[in-house]
Each structure stands twice: as structure tokens, then as C-alpha cells.
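What follows is the residue order along each chain.
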Protein chains: 2
Amino acid sequence: MAATLNATERWSLLLATGASFAVLANTFQGDGAPLVASLAFSTLAFSMTYAFVRWSGPAFMKAGLKGKDMSKIPAKEIPESMGAVAAAVYILALMAFIPFAFYKDIVAATSGGGNRDVVLTVTEIETGRFLHRFPHSKLSSYQSALNTLQATTILGICDDILDLRWRHKFFIPAIASLPLLIVYYVDFGVTSVVVPNFLVPYMPNQARLIHLSFLYYLYMSALSIFAPNSINILAGINGLEVGQSLVIAGLLVLNSALYLVPFPGNPVLNHAYAVRPHPATDAHLMTLYILLPFLAVSTALYMHNKYPARVFVGDTFCYVAGMTFAVVAITAHFSKTLLLLLIPQIVNFIYSVPQLFHIIPCPRHRLPKFNARTGLLEPSVTPWTPERPPSKLLTTVFFTLEKLRLVQVTVDPKTNRISATSNLTIINLWLVWRGPMKEGQLTRELLIMQTCVGFLGLFIRHTMALLIFGIDNRGQNNPV
Amino acid sequence: MAATLNATERWSLLLATGASFAVLANTFQGDGAPLVASLAFSTLAFSMTYAFVRWSGPAFMKAGLKGKDMSKIPAKEIPESMGAVAAAVYILALMAFIPFAFYKDIVAATSGGGNRDVVLTVTEIETGRFLHRFPHSKLSSYQSALNTLQATTILGICDDILDLRWRHKFFIPAIASLPLLIVYYVDFGVTSVVVPNFLVPYMPNQARLIHLSFLYYLYMSALSIFAPNSINILAGINGLEVGQSLVIAGLLVLNSALYLVPFPGNPVLNHAYAVRPHPATDAHLMTLYILLPFLAVSTALYMHNKYPARVFVGDTFCYVAGMTFAVVAITAHFSKTLLLLLIPQIVNFIYSVPQLFHIIPCPRHRLPKFNARTGLLEPSVTPWTPERPPSKLLTTVFFTLEKLRLVQVTVDPKTNRISATSNLTIINLWLVWRGPMKEGQLTRELLIMQTCVGFLGLFIRHTMALLIFGIDNRGQNNPV
């Protein structure tokens, strides 16, 4: 890959950059339209990521951050860990957005160290739903999100460089989520969840809310560990890591946009100029502010990582992507919605458990096998040697799963014993179901599957929630 | 170096860790004593840094992060960029400290996204000067400091790995300081400075305050660029980078402690229980909270980096150290005091200018030359070839500086022309003055010099300030 931009790319990016600056200069004055500024910053972030990924390739290769793409003829070396560039630009965009999203408190006197001796409160002027900045009190939520994403980036880069062991990697997101959870504790400390309808009669005093206390922090921590790691293990073919992140981010943006667009029955529409907007509006605006630049940098990265890949993204990207989702789900309180969008990742994780926890052997890499003769990807397998064959129980399990078409089993005709089983990832499973195919086609089909499952998840969320919880914060005035 | 801890080290660190946890468990309950918690976190951070630096050495070497110590016989390879470990532990300690330093707002209801629908304000109980937590409004200052330090770490690691060019390196701190400056803008926006007494008569309306507006942001940005880079160029011999940072941090801690310790005339003492503490008290408490864990991780790092070095610290450490100083100076408003403590760095920078800006040739490394025969360090030199001799003007300048003992000049006896001049760093200058010496001795003397100059700076700050500004926030009630 040439490390320079061609003429079309250069002029397109310069044009986009210029337009973004023009929009930003306009929105900074006056009370601003933060959503417009966010879109401008996202465009800028796209341009920067696109150019920086291209330009920094040789420096990454020189520093040893390179990998061989084994599913190509000839297998060539390309820059690795390029997600770090996207993450850095993303964080920069989130930082620069702060003065566009929050009211500037007029502090008349200070003695330093965070002392605001005399504060003149800005009169909040509501000129419309999208045209208001957040009050100062929300800044700490936003900053904790930023701190968590930065910590994720630092630990991700460490992992990319030092090649940490699996048992260390696993807890990286747990540490990185600390600033988010700690500020959540200091800032809100709300740990109550809504009780499903059918359980209410069994609750003490028929309570509709249950206070989970420290269990809620465990739940949030588990979510922050799961989301990044689950994306990191659904990987190995060109474009899949970034592609799935784009799909999930896109669906989350759609979901949040649903809360903003006026529709009959939406209280926001009815009282738009009379009262403050629906409380959930701000939560979902915040989600958009965090996700839009993420979508932008990921798109720029995807254009370099899609089949045939010119760069690899590395662990940093997977961690930052998953953590971004966890961050918005936690700060805007829609963790259940996120889990519905992560169904393919959840299935892949559960399916992988026997290998991840070494119940059956797990090779270093489980990505599909490239057949150089046909140019197609085939399911990769774990061989079972005659010296260490699968146990009797395991053999029965494998044959049963094979009948259910949930694994591919190869039997040695001489000994009549299992000689190999396909590796337990849904990428291999897809190849078992659909037969060998080209790498680009495989990524495309998996991303379509992710999109369909995601839409189904959102449908379930917005139709079933009312049945199960009696409250849906989409169309009701009751904030949850 | 063995990558394990010996028995003494292991048990000492375990004991310190256990004691820290015990203290933390105690201070977390009740209204807490944040300063005690900060000391406990610092002890913990020391133990972690000490152990992690030792343990991660082989992983760093394997990842290619290693360097040759040229001033030893034989020149052996040791791990490089170990400052990143110290920086990571430092950031972790600052994060974990949040719930100990800030009141927990009791939020009864929230709709996510930073909405605090119902907030019950905690009644602030002042039980003594050190025994109160900060109100919630200070959290954003603290978080912006954390964000800036994390951004510095990310960019520092990039520099360590990718070996950026000088013109790119220079602006790393400018980008990293963005979150601090942006939150300063949103949060305070105070850009006025006190006018020196002798200038007051010439001010319009004899104003004692001047509003610098955007110039103040330029000044803060310049400070954030200067502090990290100035430490980064006063480097090259074992222990000097960390040593000078320890001296500066120690003196800053001393300076801030001066504001807390009661003494006659201190308004804090007189009204300790009657009114809120002096405004500057909180600013300097915040400084201590940020500096104490920095001192701790730097001490652990120094024990591995001091002569004879077992690890190198890398650019990450220098950037994070300098940025830590800039952060406290900006948030607690004592940038002039910091500049007084950075006098050796300022002198070294000015002395280096002709080489840094390529007015005269600058070799890749300017560290002192190791004389393998004597085992001593000598000033390193820039050779002047007969083909490219110094100009006539430059020759005059060099001979004048030599007379002032500010440079070492070697004259070729055959041509009577300058054949070499010592490189322009105060490390080489010190060797010109004091003659060749052992590496450990050189570091020690330079650190003693830094300490003496620092004490002189603090003395000037607290005696001259009253003469120049008419206001000293040390002993007066008038906050600046």
C-alpha cells in the first residue's frame, strides 16, 4: 500500500475538513446546535483517521507492528494495531467537542484548585430540542466516559505491543472501566432496576424497583468486561472487527434517534416549547455525541481494513469499540438494549466456552483456514491425535452436535475415531453451514446476519418491553 | 537484572500494600481524611510500580523496547520506556482516589445521560482543615487533569514506539493539554492576572488585574509544551530524568504544604473552625493529591533507573512528569512558582537553542562521552570539519564563550582553527566546569544543583512576591 493519498482522496478530505471547520466556527458562536457540531467533528475525525492511517503505515511497520495476512496469495505483511490511530483521533474529537456541548459557566473569581468562588449562572434558554447545551453538571459524566476510553486505549496499546497473556487481557476492560464506575458512584449512585411485571407480585410490598446496591456495580463491570472481549474474539477475517462495530454503533444511533424524532404520542412533541424536553432525550443526545465520532473513525478504518485488508486493526480497536458501547449503555441506562444488539457476540462467546476455558484443546488461532488451491476459506479444525483422542462422552457430544449441524466432525476411516473437529467460533460454524467461500463474501454475510439480528433485537426491545416491564421510556413520560 | 523480587523486597512491598489497604478501608467510611487516603494510595502505587517495573522487564525487551547503556563496560541492553509502567500505575492511583476525595452526591432519580433529576445535597460538615472532602463541583477539574495525563501517556507511548520526529514530538504536550484547557474554559474561564506594583500606575484606571483573554490560554498552552519538553532534553545520564522530577515534585509538595501548616499570621489558623478554610487551602490540597502518588511512582522508578541503571525511563515518563507539573500549576494557579523551580531546565533550553534550532550542527545524541579507559564521563563535542568550519562570527562567539567558561573549544594546532566545541547542554557544561567524573557523581551533583536552585526559587517566590505584586497568597487573606 502506498503511504500517500491520491489526488481524489486528498481533495475530498481537504474539502470535508474545510466544510467541518466552517460549520464549527458557526455553531461555536451563540447557543449553538451541539448535534450539528458533533456531525462536523465526526466529519473531521473521519478525514483525520483516513489520512493518518494511510500516512502512519510505514512507521508502524518499522516499529515491528505488522502482521502477515495468511488468507492471501502471496501472504504479505501489512501494518498491525492501526486501531490505535482511530482511537486517538476519536478521543481527540470527543475532547474538542466539550465546549460545544456544555454551557460555559461564568466564573467571576477563583482561587485555583477547582474553587469557583463566585459563579454567575447562565440563564438557560430553550430554543428547541436540539438547540441547547448541557448544563455543567453533566460534564463529569462525559469526562468519565472520556477517561474510561483513554484508559482502554492505553491498556489496548500495551496489549498490542507486549502481547499479554489471555488471563491478563481479560481484565483490561475491568480496570479501564474504573473511572466510569467510580464517577458513577460519586455522581449518581443510582443502583435500582425496574422489576419485570410477572415478578412484581412476589416482591416485598409489590415493589416495582429493586435496589441492587453493589451488585449493580458488578453488573456494570461485567458488561464492560464482556462487550470489549466479545468483539475481540469474534475476529480474524478482514473487516469483521470494524464491520460488526459499525453495525452495532449504527443500530445504537438509530435507537437513540428514535427518542429524538417527534412522533404521535411522544411527549416531547406535545410540549416542545412549553416544558423542558423529556428526560430521556438528553441521555440519548449524549449517546449520539459519543457514538457519531466513533462511527466516523470506524468507517475510515473500515475502508482500509475491509477485504482485501491493507491494515490490521489490533486489539486496541476491539477494546475501544466494546468499551464505547458499554460506556453509552451505562451512562444512558440501556444496558439491556445493548445486550440484545450483542446477541451474535453472546452466542459466539457461549459457543467458544469449551475452547476458551480449555475443556477441549484450543489452538493459538482459530480463524478459518485458507485453501490456497481454491482461494476459499474453510472451517479450521482442532486435530485429535490417536494418542490423545476425545473421551467417550466428548465423542458422543460431538456426534450429537454434528447431527444438529453445530460442528464439523472428521472421522479417521481406519480407526473409526474422531480425528478432527471444527473450531468453536460462529465464523467457522457459518462456513460449516454455508460451505467454503471467499473471505470478502464471508465478512459480508456475517455482517448482514449481525444487522438482521440487531434489528430483531431493537424490535423486541420496543414491543416486548411494555409487556414485560409495563414501562417503555420510548413512548411514555415515566423516566426509568 | 533478575525479573523477580528478592525475599526482602517481596515482604516489604506486601507489608506496605497490606498497610495501605487497611488505611484505605478505614478512611473510606465516614467523612474520611482524603490526605491520609492519598498517602495510602501513594504507598500502594509505590509498591505496584516497584514490582511491575521489575516483572515487566523481559516483556518489554521481547517487544523490542530496549536500549544500550553506552556509558558502561560492557555496554549492555536494558529495558527501555519503563516510564510507561509508572505512568499507568500513577493514573490508576489517581482514578481510584476519586471516591475518597469527593462528596458522594445522593442522587435519588436519574434518566441517564448525565441527568440528575432529583439531587439531595449532602450537608457539608467541616470537622477540621484536612478532614473534609471536596464538593462535587471540583470533580471536573480533577477529571480534566486525569484526562490530560492519560492523553500525555498515550502520545508518549506512541513516541516511544514509533520514534517520532522532533517537530512532531514538540507538539505532543500541546494536544495532550487540550482537555485541561477546554475544561478550564468551560469550567472557569478566568483569564485575569495580577499586575506587578510598579506597572499599576501605567494601567488604565490603575487596574490591579489585567484580563488576558485568549492570550492566557496561549500562556497555559506554552507552559504545557515547555515543562514536558524541557525535562525531556535535560536527559541522557542514569537517573537524571526521574531525579530532577523527584526534586521538582518534592519542592512543589513542600510549597503546597506551606499553605496547610498553621503558622502565626496564617488566616487558616485564626479562623480554623469559624469559617471555611482559606480558598488557597483547597487548591494546594488538590496539588498534594495529584503530586503525592506521582512522587511515589517516580521514587520506585528511580530505584531502578539510578546509576547503574537497570531500566531506562523513555519519553513517556518525561512527558508525564512535565505535564503533571503543568497541570497542578494551571489548576492551582501557581505557574510563576513552577517556572522558578524549572530554572535549570529553562537555562538548559536557552543554552541548547543554537543546536535545537540548527543554528549550529546538532548530533542525534548530545549526552556526555564515556571514556572507557578512565571510566569517567567527559563533555561530548560537535566536530567542525575543515570543509565546514565555523564562520568568522561564530568563531569569535565561541572564543568569547570559552573565556567566560561557557563552552569547551578544541583548536586544531595545525590550522589554528576550531576543530570541536562541546555540545550545548548544561550536563556537558557541568563537566566543562568540574572536569570528567563518574556518571553517578554527575547525576548527584546536578540533582543537588537542582535542589539548591529550587529552594532559592521558593525563597524568591515568598519574599519577593510581596514587593512586586503587593499580594502574596501565602500569608494574606486576599485570594489571587
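Predicted model only: the values in this text are computed from it and were never measured. Here the residue index of a chain counts from 1 through its sequence in written order. Here the convention is simple: chains get letters from A, ligands get numbers from 1, in the order in which they are written. A pLDDT threshold of at least 70 governs which residues receive local features in this predicted model, and a stricter bar of 80 or more applies before side-chain atom pairs are shown or counted, although totals over entire chains, interfaces and linings include all residues. With hydrogens and water excluded, all non-hydrogen atoms of the structure serve as input to the side-chain values.

Draft legend 1. How the structure looks around the overall build of chain A. Helical segments are the DSSP runs of H or I of at least four residues, strand segments are the runs of E of at least two, and each set is numbered from the N terminus. Tallying secondary structure elements over chain A gives 18 helices and 11 strands in all. The contact definition used throughout considers only heavy atoms, calling two residues in contact when any of these lie within 4.5 Å. Here the analysis covers contacts within chain A between residues at least 6 apart in sequence; of these, 73% occur between residues at least 24 apart. Every accessible area reported is derived by Shrake-Rupley at a probe size of 1.4 Å, with residue values counting cover from the shown protein chains alone. Approximately 20500 Å² of chain A is accessible, and the part contributed by carbon and sulfur atoms is 68%.

Draft legend 2. Focus on the sheet that holds strand β10 (residues 409-412) of chain A. All names here are of chain A. Here, strands pair whenever DSSP counts at least two bridges between them. On the basis of which strands lie adjacent, the open sheet formed by three strands has the order β9-β11-β10 and antiparallel pairing. Since the sheet does not close on itself, it has two edges, and those belong to β9 (381-383) and β10, each with one partner. Averaged over all neighbouring strand pairs, the angle between strand axes comes to 30°, with direction disregarded. When β9 meets strand β11 (residues 417-422), the two strands line up antiparallel, connected through three bridges. Residue pairing in the sheet places Val381 in a bridge with Ser422 of β11. In this analysis an axis means a line fitted to C-alpha atoms, helices contributing only their contacting stretch, and an angle means the value between N-to-C directions, from 0 to 180 degrees.

Draft legend 3. Main features of the packing of aromatic side chains. All names here are of chain A. Note on ring pairs: Phe, Tyr and Trp rings are taken, using the six-membered ring of Trp, and paired if centres are within 6.5 Å. Classes follow the plane angle, with under 30 degrees stacked, over 60 edge-to-face and the rest tilted. Scanning all chains against the criterion turns up 34 aromatic pairs over all chains. Ring geometry for Phe97 against Tyr142: centres 6.5 Å apart, planes inclined by 50°, an arrangement best described as tilted. Here Phe97, found in the loop between α3 (83-96) and α4 (98-101), pairs with Tyr142, found in helix α5 (residues 139-162); they are 45 residues apart in sequence, far enough to count as distant. Accessibility classification places Phe97 together with Tyr142 in one group, the buried group. Judged by centre distance (6.1 Å) and plane angle (80°), the rings of Tyr184 and Tyr217 are edge-to-face. Of this pair, Tyr184 sits in helix α8 (residues 178-187) while Tyr217 sits in helix α9 (residues 214-233), and the two are 33 residues apart along the sequence. The buried label applies to any residue whose accessible area, calculated with a 1.4 Å probe on protein chains only, is under 20% of its type's maximum; exposed applies above 50%, and partly exposed to all values in between.

Draft legend 4. The pairing of strand β11 (residues 417-422) of chain B, seen in detail. Residue and element names in this part refer to chain B. The sheet contact formed by strand β10 (residues 409-412) and β11 spans four bridges and is antiparallel. For Val411, the partnering residue across the bridge sits in β11 and is Ile418. Counting the residues in the hairpin turn of β10 and β11 gives four residues, including Asn416, whose phi is positive at 65°.

Draft legend 5. Quick peek at the sheet that holds β11 of chain B. All names here are of chain B. Spatially, the three strands line up as an open sheet ordered β9-β11-β10, and their pairing is antiparallel. Lying at the two open borders of the sheet, with one neighbouring strand each, are β9 (381-383) and β10. With strand direction ignored, the average angle separating the axes of adjacent strands in the sheet is 30°.

Draft legend 6. Focus on the packing of α5 of chain A against helix α4 (residues 139-162) of chain B. Contact geometry for α5 of chain A and α4 of chain B: axes closest at 9 Å, N-to-C directions at 20°. By the angle class used here, α5 of chain A and α4 of chain B are roughly parallel. For the element pair α5 of chain A and α4 of chain B, the recorded crossing hand is left-handed. In this structure, α5 of chain A uses Leu139, Ser140, Gln143, Ser144, Leu146, Asn147, Gln150, Ala151, Thr153, Ile154, Ile157 and Ile161 of chain A to contact α4 of chain B, whose residues at the interface are Leu139, Ser140, Gln143, Ser144, Leu146, Asn147, Gln150, Ala151, Thr153, Ile154, Ile157 and Ile161 of chain B. Reported orientations rely on four angle classes, namely roughly parallel under 35 degrees, roughly antiparallel over 145, roughly perpendicular from 65 to 115, and oblique for the rest. Should the near helix be turned anticlockwise from the far one by less than a right angle, the crossing is termed left-handed; should it be turned clockwise, right-handed.

Draft legend 7. Region of the structure containing the environment of Ala3 of chain B. All names here are of chain B. Assignment of secondary structure puts Ala3 in the segment before α1 (7-28). Since its relative accessible area comes to 24%, Ala3 is described here as partly exposed. Between the C-alpha atoms of Ala3 and Gly57, which are 54 residues apart in sequence, the distance is 6.4 Å. Dropping the residues within four chain positions of it, Ala3 is found in contact with Arg54, Trp55 and Pro58.

Draft legend 8. Here's a closer look at the pattern of salt bridges. A carboxyl oxygen of Asp or Glu within 4 Å of a side-chain nitrogen of Lys or Arg is what we treat as a salt bridge. One pass over the structure, following the stated rule, counts 19 salt bridges over all chains. Close ionic contact of Arg364 of chain A with Asp163 of chain A constitutes a salt bridge, the shortest N to O distance being 3.8 Å. Residue Arg364 of chain A is found in the loop between α15 (343-356) and β7 (369-371), and its partner Asp163 of chain A is found in the loop between α5 and α6 (166-169); the two are separated by 201 residues along the sequence. Note that Lys72 of chain B is salt-bridged to Glu439 of chain B, the shortest N-O span being 2.6 Å. With Lys72 of chain B in the loop between β1 (66-68) and β2 (77-79) and Glu439 of chain B in helix α17 (residues 439-469), this residue pair connects regions lying 367 residues apart in the sequence.

Draft legend 9. View of the state of the cysteines. Residue and element names in this part refer to chain B. Here, the term disulfide refers to a pair of cysteine sulfur atoms separated by no more than 2.5 Å. Applying the stated criterion across every chain yields a total of zero disulfides over all chains. Cys318 takes part in no disulfide bond, and the closest cysteine sulfur to it belongs to Cys158, at a distance of 16 Å. Accessibility expressed as a relative area gives 1% for Cys318, which makes it buried. Here Cys362 stays unpaired: no disulfide links it, and the sulfur of Cys318, its closest cysteine neighbor, is 16 Å away.

Draft legend 10. Broad picture of a nonpolar patch on the surface. Together, Leu456, Phe459, Ile460 and Met464 of chain A make up a nonpolar patch on the protein surface, roughly 380 Å² of accessible area in all. Topologically, Phe459 of chain A is positioned in helix α18 (residues 439-469). Patches here are clusters of residues that have more than 30% relative accessible area and form no salt bridge, with a 9 Å joining cutoff for like charges and a 5 Å cutoff for nonpolar side chains (Val, Leu, Ile, Met, Phe, Trp, Tyr).

Draft legend 11. The packing of α5 of chain A against helix α13 (residues 314-331) of chain A, seen in detail. Residue and element names in this part refer to chain A. Where α5 contacts α13, the two axes come as close as 8 Å, and the packing angle between them is 160°. Considered as vectors, α5 and α13 are oriented roughly antiparallel to each other. Considering the relative orientation of α5 and α13, their crossing is right-handed. Facing α5, whose interface residues are Ala145, Thr148, Leu149, Thr152, Thr153, Gly156, Ile157, Asp159 and Asp160, α13 presents Gly314, Asp315, Thr316, Tyr319, Val320, Met323, Thr324 and Val327. The class makeup of the residues in the contact of α5 with α13 is seven nonpolar, seven polar and three charged. Side-chain classes are defined by residue name, with Ala, Val, Leu, Ile, Met, Phe, Trp, Tyr, Cys and Pro counting as nonpolar, Asp, Glu, Lys and Arg as charged, and the others, Gly among them, as polar.

Draft legend 12. The arrangement of helix α16 (residues 426-434) of chain B in detail. Residues and elements named next belong to chain B. With respect to burial, α16 is a largely interior element, seven of its nine residues being buried. Among all positions of α16, only Ile426, Ile427, Asn428, Leu429, Trp430, Leu431 and Val432 are buried. Once α16 ends, the next one or two residues include Gly435, with phi positive near 80°.

Draft legend 13. How the structure looks around unusual backbone geometry. Residues Tyr307 of chain A and Pro308 of chain A are joined by a peptide bond in cis, for which omega reads -10°. Tracing the chain through its elements places Pro308 of chain A in the loop between α12 (279-305) and α13. Look at the link from Ile73 of chain B to Pro74 of chain B: it is a cis peptide, with omega at -10°. By the secondary structure assignment, Pro74 of chain B is in the loop between β1 and β2. For Asp163 of chain A, which is not glycine, the phi dihedral falls at a positive 55°. Here Asp163 of chain A falls in the partly exposed class, since its relative accessible area comes to 47%.

Draft legend 14. Representation of the side chain of Ser298 of chain B. Tracing the backbone shows Ser298 of chain B in helix α11 (residues 279-305). Take Ser298 of chain B: its relative accessible area is 0%, and that puts it in the buried class.

Draft legend 15. Fine view of the environment of Leu288 of chain B. Residue and element names in this part refer to chain B. By the element assignment, Leu288 lies in helix α11. The buried category is assigned to Leu288, whose relative accessible area is 6%. Put simply, Leu288 and Ser256 are 32 residues apart on the chain and 6.9 Å apart in space, counted from C-alpha to C-alpha. Those residues in contact with Leu288 that sit more than four places away from it in its chain are Leu35, Ser38, Val253, Ser256, Leu260 and Pro293.

Draft legend 16. Representation of the side chain of Ser224 of chain A in the model. You can see Ser224 of chain A is positioned in helix α9. With near-sequence residues (within four places) excluded, Ser224 of chain A lies in contact with Pro173, Ser177, Met323, Ala326 and Ile330 of chain A.

Draft legend 17. Highlighting helix α1 (residues 7-28) of chain A. Residues and elements named next belong to chain A. Between its terminal C-alpha atoms α1 stretches 31 Å, which fits the 32 Å expected from 22 residues at 1.5 Å a residue. Buried within α1 we find Glu9, Leu13, Ala16, Ser20, Leu24 and Thr27. For α1, the angular spread of buried residues about the axis comes to 70°, placing them on one side. Exposed and oriented more than 90 degrees from the buried face of α1 are Trp11, Leu15, Phe21, Ala25 and Asn26. On the buried face of α1, the contacting elements are α2 (34-62) and α4. Helix span, expected: 1.5 Å multiplied by one less than the number of residues in the helix. To be clear, the arc concerns the directions from the helix axis to the C-beta atoms.

Draft legend 18. Region of interest: the confidence of the model for chain A. All names here are of chain A. The predictor rates its confidence in each residue with pLDDT, a number between 0 and 100. On average, chain A scores 84 in pLDDT, and the residues at 70 or more come to 84%. Looking at the elements of chain A, mean pLDDT is at its lowest for helix α11 (residues 267-270), recorded as 46, and at its highest for helix α17 (residues 426-434), recorded as 96. Every residue in residues 121-131 scores below 50 in pLDDT, and together they form 26 contacts with partners more than four places removed in sequence or on other chains. Within the model, pLDDT remains below 50 along residues 474-480, and this stretch shows 21 contacts once partners closer than five positions in the same chain are excluded. Scored by ipTM, the complex comes to 0.85, with pTM at 0.87.

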